[in-house]
Amino acid sequence: MSLLDHIQLGPQFLVGNRRLFVFCLLLFLLSGALSFWFFFPAEVLQRSLVQKIAHETGLNVVGSDTDILFPAGLELDLQVDSGQSELVPIQLRDLQLTPAWTRLLTGTAAVDMQADLTEGSVEGQAARSGQLQLEFFDVELFGLQQPDIPYRIQGRLNGNLQVADMANALNGQGSFNLQLRESFLHGLSRVGLPDRLACGLLELEGKFNQQRISVEKVLLTEGIIEASGGGTLLIGATPEQTRINLNLRIHPTQSTPDSVLEMLKLTRVKPTADGSYLLRIAGTLARPVLR
């Protein structure tokens, strides 16, 4: 074969080698990704994540059953203890943490998250800047409360919570828009009411700044009584130290129990022309006073 023949075959030879090079490169990347997936120490990531959350929030956090997600991410079970004796530790099952790829285009690193919580789920996004966004889907509140507390609330929580700085989530700024469906109050026999009252749909909207919660909207419908109003809460370390100042308009309905009507009469507040009562709830969360 002459030198000219070698020159004529050159382009085909280069094309074949380029395809071979691309094929080998893809195999290398795939094997590297699989090796990372199977052999990367997930427990190291778990400990780092748990320590970071505990440091930033001051909460007691325990992780378990950690796995690496392909191509990038982490899955684990997370137990969060709020430190409140009235609440059980929150169990986030199958918590998945993955990069928020869309935020990379804006130059802001963030992590998408989703997990099972009681009978529902929670999704959200946490940014390196400190912003935290959470959405709740049918989270049953009954399972988050200790069974031996005097009063318990039951219902499926939906809505969203936004925190400006998750490093100060307990003393920071943010807003909320929540709906509690199929809600019930338990333990009211202590105050002369039926032990379990159907409250229907409770809607809450507001903002919080430091330890002050401004409830801009309270709306209760579809239950044995209807209500609307708003107010403020000053959050303390315990329910006994948490102050309440709420103004409510109570609307009895045809399904309102006689015991509730009698209690409204005991407030000595005269009903308005439409039969509703304008009430103020003050005092502490542990011992609210109806006026």
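Everything that follows concerns the structure shown earlier in this document.
All figures in this text were calculated on a predicted structure; none of them were measured in a lab.

S.K.: Hey, could you run me through the overall build of the chain in this one?
M.R.: In terms of regular secondary structure, the chain is built from four helices and 14 strands. Out of the 291 residues in the chain, the part that is buried amounts to 32%. The long-range fraction of contacts in the chain, counting pairs at least 24 apart against all pairs at least 6 apart in sequence, stands at 39%. A total accessible area of about 18,100 Å² is found for the chain, and carbon and sulfur atoms account for 59% of it.

S.K.: I would appreciate a short explanation of the packing of aromatic side chains in the present structure.
M.R.: Where two aromatic rings form a pair, the distance of their centres and the angle of their planes describe that pair. Here the structure, examined in full by the defined rule, presents zero aromatic pairs. For Arg152, the ring lying beneath its charged end belongs to Phe142, and the centroid distance is 3.8 Å. For Arg196, the ring lying beneath its charged end belongs to Phe184, and the centroid distance is 3.7 Å.

S.K.: I tried to follow the environment of His251 on my own but got confused; where do I start?
M.R.: Within the secondary structure, His251 sits in strand β12 (residues 243–252). By relative accessible area, His251 is classed as partly exposed at 24%. Put simply, His251 and Ser276 are 25 residues apart on the chain and 4.6 Å apart in space, counted from C-alpha to C-alpha. With near-sequence residues (within four places) excluded, His251 lies in contact with Ile225, Glu226, Ala227, Ser228, Asp274 and Ser276.

S.K.: Any chance you could explain the pairing of strand β8 (residues 173–186) here in plain terms?
M.R.: Side-chain positions along a regular strand alternate between the two faces of the sheet. Note that strand β7 (residues 152–163) and β8 share eleven bridges and pair antiparallel. By the bridge assignment for β8, Asn158 is matched with Gln179. The pairing of β8 with strand β9 (residues 196–209) spans twelve bridges and is classified as antiparallel. Within the sheet, the bridge partner assigned to Phe176 lies in β9 and is Gly206.

S.K.: I keep staring at the nonpolar core and nothing clicks. Help me out?
M.R.: The tendency in soluble globular proteins is for nonpolar side chains to be buried as a group. Of all hydrophobic cores here, the largest spans 47 residues; its most connected members are Leu78, Val122, Phe136, Leu157, Ile225 and Ile250. Non-local contacts of Leu157, meaning those with residues more than four positions away in its chain, are made with Phe136, Phe137, Asp138, Val139, Leu141, Leu178, Gln179 and Leu180.

S.K.: Just checking my understanding: could you explain the side chain of Gln154 for this structure?
M.R.: Among the secondary structure elements, Gln154 is positioned in strand β7. Within the structure, the side chain of Gln154 is placed 2.8 Å from the side chain of His186, a separation counted as a polar contact. Sequence-distant contacts of Gln154, defined by excluding residues within four places in its chain, comprise Glu140, Phe142, Leu180, Glu182, Ser183, Phe184, His186 and Arg196.

S.K.: I'm lost on the environment of Ser214 in this one. Help?
M.R.: Structurally, Ser214 is set in strand β10 (residues 212–221). By relative accessible area, Ser214 is classed as partly exposed at 26%. Distance from Ser214 to Gly231, taken between C-alpha atoms, is 6.1 Å for residues 17 residues apart in sequence. When neighbours within four sequence positions are excluded, Ser214 is seen to be in contact with Phe176, Glu205, Gly206, Lys207, Gly231 and Thr232.

So, how was this worked out
- All residue numbers here refer to positions counted from 1 along the written sequence of the relevant chain.
- Under the rules for a predicted model, residues below a pLDDT of 70 receive no local features and side-chain atom pairs below 80 are neither given nor counted, while totals for whole chains, interfaces and linings still include all residues.
- Neither water nor hydrogens contribute to the side-chain values; these are computed over all heavy atoms in the structure.
- Helix numbers and strand numbers start at the N terminus; a helix is a DSSP run of H or I with at least 4 residues, a strand a run of E with at least 2.
- Partly exposed residues are those whose accessible area sits between 20% and 50% of the maximum for their type, while under 20% is buried and over 50% is exposed, using a 1.4 Å probe and protein chains only.
- Residue contacts follow a heavy-atom distance rule, with two residues in contact if any of their heavy atoms lie within 4.5 Å.
- For accessible areas, the Shrake-Rupley method is used with a probe of radius 1.4 Å. Any residue's cover is judged against the shown protein chains and nothing else.
- A pair of aromatic rings is counted whenever rings of Phe, Tyr or Trp (Trp by its six-membered ring) have centres within 6.5 Å, and the orientation is called stacked for planes under 30 degrees apart, edge-to-face for over 60 and tilted otherwise.
- Over a ring means this: the NZ of a Lys or the CZ of an Arg is within 6 Å of the ring centre and within 35 degrees of the ring normal.
- Following DSSP output, two strands are said to pair if at least two bridges run between them.
- Only buried residues count toward a nonpolar core, which is a set of Ala, Val, Leu, Ile, Met, Phe, Trp, Tyr and Cys residues joined through side-chain atoms within 4.5 Å.
- Here a polar contact means two N or O atoms within 3.5 Å. Within protein one must be a hydrogen donor candidate and the other an acceptor candidate, and residues neighboring in sequence count only if both atoms are side-chain atoms.

These figures capture arrangement, not role.
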